[in-house]
Amino acid sequence: MSGGQHHRRLAWITAGGLALALVFGISGVALPPGETLWHLIAAPEEDGGWKFETIDGVDVRKDGYSLGIRWGRIVGFHDGCNGCGFDDELPSGASDRMLVCTLQACPERPNDILFGRFAYGSPEMEVNGERLILTLPGHRAELVRASRD
């Protein structure tokens, strides 16, 4: 191997190492807590926070309903009053999932039952542009991404 080829090869190895260091350096700073570079690269597009706009054609934006999705399954929600999270690895919709919630007393609202079908269920998920469409037999909800304020 000539000296020129050796230097060219060394330059490529160095550039590759610097690129990897840059990616890992940025990912350590830019990722939300608990996220990994792998999640950033490979996570399903529905992952993240979503706010409900409509459920079965009813405008529910004022109710403050939202979901958190990770690896394609519901891991938490906010019902407009209390925040809840599932503290286990069981599939969405499993009746024996461990649920941890804040315990603020809240008046029941007319749309809470509609919301509960999706929060506690196992809806089909489809990202359609900027919207997440959730469906259950006979029910449909449209959500938009929650901002990261």
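Computed from a predicted structure; not experimentally measured.

Peer 1: I would appreciate a short explanation of the packing of aromatic side chains in the present structure.
Peer 2: Evaluation of the coordinates by the stated rule reveals seven aromatic pairs. Relative to Tyr 65, the ring of Phe 52 lies with its centre 6.4 Å away and its plane at 90°, an arrangement referred to as edge-to-face. Separated by 13 residues along the polypeptide, Phe 52 in strand 1 (residues 48–55) and Tyr 65 in strand 3 (residues 65–70) bring together distant segments of the chain. Tyr 65 gets classed as buried once you look at its relative accessible area, which sits at 1%. Where Phe 77 meets Tyr 120, the ring centres are 5.2 Å apart and the plane angle is 70°; that geometry is what we call edge-to-face. Placement of Phe 77 in strand 4 (residues 73–79) and of Tyr 120 in the loop between helix 3 (112–119) and strand 7 (124–128) is noted, with a sequence separation of 43 residues between them.

Peer 1: How should I be thinking about the environment of Cys 106 in this particular structure?
Peer 2: As for its placement among the helices and strands, Cys 106 is situated in the loop between strand 6 (99–101) and helix 3. For the pair Cys 106 and Cys 81, spaced 25 residues apart in sequence, the C-alpha separation works out to 6.3 Å. Leave out the neighbours within four places in its chain, and Cys 106 touches Cys 81 and Asn 82.

Peer 1: Explanation requested: unusual backbone geometry in the structure shown.
Peer 2: Despite not being glycine, Asp 56 shows a phi value in the positive range, around 50°. Position of Asp 56 relative to the elements: it lies in the loop between strand 1 and strand 2 (58–59). Since its relative accessible area comes to 33%, Asp 56 is described here as partly exposed. Positive phi is not limited to glycine here, since Trp 71 has a value of about 50°. The residue Trp 71 is located in the loop between strand 3 and strand 4 in this model. For Trp 71, a relative accessible area of 39% puts it in the partly exposed group.

Peer 1: So what exactly am I meant to see when it comes to the pairing of strand 4 here?
Peer 2: Strand residues, when the strand is regular, have side chains that alternate between the two faces of the sheet. Relative to strand 4, strand 3 is paired through six bridges, and the arrangement is antiparallel. Its bridge partner lying in strand 4, Arg 70 is registered against Arg 73. Remark: two residues form the turn of the hairpin made by strand 3 and strand 4, two consecutive strands paired antiparallel; Trp 71 in that turn has positive phi of roughly 50°. Alignment of strand 4 against strand 5 (residues 83–86), held across three bridges, turns out to be antiparallel. Among the inter-strand pairings, Gly 76 is bridged to a residue of strand 5, identified as Gly 85. Hairpin connection of strand 4 to strand 5: three residues between the antiparallel strands, including Gly 80 at a positive phi of 90°.

Peer 1: I would appreciate a short explanation of the side chain of Asn 111 in the present structure.
Peer 2: Along the chain, Asn 111 falls in the loop between strand 6 and helix 3. A relative accessible area of 15% places Asn 111 in the buried class. Ignoring anything within four residues of it in the chain, the contact list for Asn 111 reads Val 58, Asp 59, Val 60, Asp 63 and Tyr 65.

Peer 1: Just checking my understanding: could you explain the state of the cysteines for this structure?
Peer 2: By definition, a disulfide links two cysteine residues through a covalent bond between their sulfur atoms. Tallied over the entire structure, the rule returns two disulfides. Here Cys 81 pairs with Cys 106 through a disulfide, and the sulfurs are 1.6 Å apart. Torsion about the S-S bond of the Cys 81 and Cys 106 cystine: about -80°, corresponding to left-handed handedness. Of the two residues, Cys 81 sits in the loop between strand 4 and strand 5 while Cys 106 sits in the loop between strand 6 and helix 3, which places them 25 residues apart along the sequence. One disulfide in the model links Cys 84 with Cys 101; its S-S distance is 2.0 Å. Here Cys 84 and Cys 101 share a disulfide; its torsion about the S-S bond, 115°, makes the bridge right-handed. Here Cys 84, found in strand 5, pairs with Cys 101, found in strand 6; they are 17 residues apart in sequence, far enough to count as distant.

Thresholds applied
- Sequence order as written defines residue numbering, which begins from 1 separately in each chain.
- Totals for whole chains, interfaces and linings use all residues, but because this is a predicted model, local features are given only for residues with pLDDT of at least 70 and pairs of side-chain atoms are given and counted only at 80 or more.
- Each side-chain value is worked out from all heavy atoms of the structure, with water and hydrogens disregarded.
- Here is the rule: rings of Phe, Tyr and Trp (six-membered ring for Trp) pair when centre to centre is within 6.5 Å. Planes less than 30 degrees apart are stacked, more than 60 are edge-to-face, and the remainder are tilted.
- Helical segments are the DSSP runs of H or I of at least four residues, strand segments are the runs of E of at least two, and each set is numbered from the N terminus.
- Relative accessibility under 20% of the residue-type maximum defines a buried residue, over 50% an exposed one, and the middle range a partly exposed one, all with a 1.4 Å probe and only protein chains included.
- By the convention used here, residues are in contact when the closest approach between their heavy atoms is within 4.5 Å.
- Pairing between strands requires that DSSP locate at least two bridges from one strand to the other.
- Here, a disulfide means two cysteine sulfur atoms that sit within 2.5 Å of each other.

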